[in-house]
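Descriptive structure summary
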Amino acid sequence: MYSNNQVFYIKANDTLPSLQIMLMTKGNLDQPLPFNLSALTASTFYMADDCGNVVIAGNDAQIIDRCKGIIQYNWNQLDTSNPGRYKGEFELYFSGGTGEMKMTVPLFGQIDIEIFGDINNL
């Protein structure tokens, strides 16, 4: 599972491992708690290359565990076809009293992703 300050690594044309994150919030006395996703209606994933060109735009992400705040993106082969460094983020959509609300995670920065070439494509 991805954690802040880590780089997510995957080989070119691979679809595993999935990019999985656990969202956390602060409780009483600032202890970390899982972010409750019970009001989440949709989640999407975006990825841009190191020049800022969007290469994945709003593909569906999966909710793995609403109570534990876990979401993931399952790669398809085209997503990982070009080796290089990328930045990713998830957009979460929640139902609320005033309509749909959106939150982008991570809140600070982006997810660092590196796709390495493999021997079959060198």
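The structure this text deals with has already been given above.
From a predicted model like this one, the values you see are computed outputs, not experimental measurements.

1. Notes on the sheet that holds strand E7 (residues 62–65)
Here three strands make up an open sheet; going across it, the order is E2-E8-E7 and the pairing antiparallel. Strands with a single pairing partner mark the edges of an open sheet, and in this sheet they are strand E2 (19–22) and E7. The mean angle between the axes of side-by-side strands here comes to 30°, regardless of whether they run parallel or antiparallel. Two strands pair when backbone bridges link them, and E7 and strand E8 (residues 70–73) are joined in this way by three bridges, in the antiparallel orientation. Looking at the pairing, Ile-63 lines up with Ile-71 of E8.

2. Description of the packing of aromatic side chains
Scanning the model with the defined rule gives seven aromatic pairs in all. Centroid distance Phe-35 to Phe-94: 6.1 Å. Interplanar angle 70°. Geometry classified as edge-to-face. Of this pair, Phe-35 sits in the loop between strand E4 (32–34) and strand E5 (40–49) while Phe-94 sits in strand E9 (residues 84–96), placing them 59 residues apart in sequence. Owing to a relative accessible area of 23%, Phe-35 belongs among the partly exposed residues under this scheme. Here the aromatic rings of Tyr-73 and Trp-75 are separated by 5.3 Å at their centres, their planes lie at 90°, and the arrangement is edge-to-face.

3. Some details on the side chain of Ser-43
By secondary structure assignment, the location of Ser-43 is in strand E5. Its relative accessible area of 4% is what places Ser-43 among the buried residues. Residues within four places of Ser-43 in sequence aside, it is in contact with Asn-59, Asp-60, Ala-61, Gln-62, Ile-63, Glu-91 and Leu-92.

4. As for the pattern of salt bridges
In this structure the tally under the stated criterion is three salt bridges. Here Glu-114 makes a salt bridge to Arg-85, at a shortest N to O gap of 3.5 Å. Note that Glu-114 is positioned in strand E11 (residues 111–116) and Arg-85 in strand E9, a separation of 29 residues in sequence. Note on Arg-85: relative accessible area 57%, which makes it exposed. A salt bridge links Lys-87 to Asp-112; the shortest N-O distance between them is 2.3 Å.

Parameters at a glance
- Residues numbered from 1 in each chain as written.
- Predicted model: local features only at pLDDT ≥ 70, side-chain atom pairs only at ≥ 80, totals over all residues.
- Heavy atoms only, no water.
- Pairing = 2+ DSSP bridges.
- Helix = DSSP H or I, 4+ residues; strand = E, 2+ residues; numbered from the N terminus.
- Axes fitted to C-alpha atoms, helices over the stretch in contact; angles between N-to-C directions.
- Phe/Tyr/Trp six-rings, centres within 6.5 Å; stacked < 30°, edge-to-face > 60°.
- Buried < 20%, exposed > 50% of the residue type's maximum accessible area, 1.4 Å probe, protein only.
- Contact = heavy atoms within 4.5 Å.
- Salt bridge = Lys/Arg side-chain N within 4 Å of Asp/Glu carboxyl O.

Note that every value here comes from positions in space, so none of it alone points to a role or purpose.
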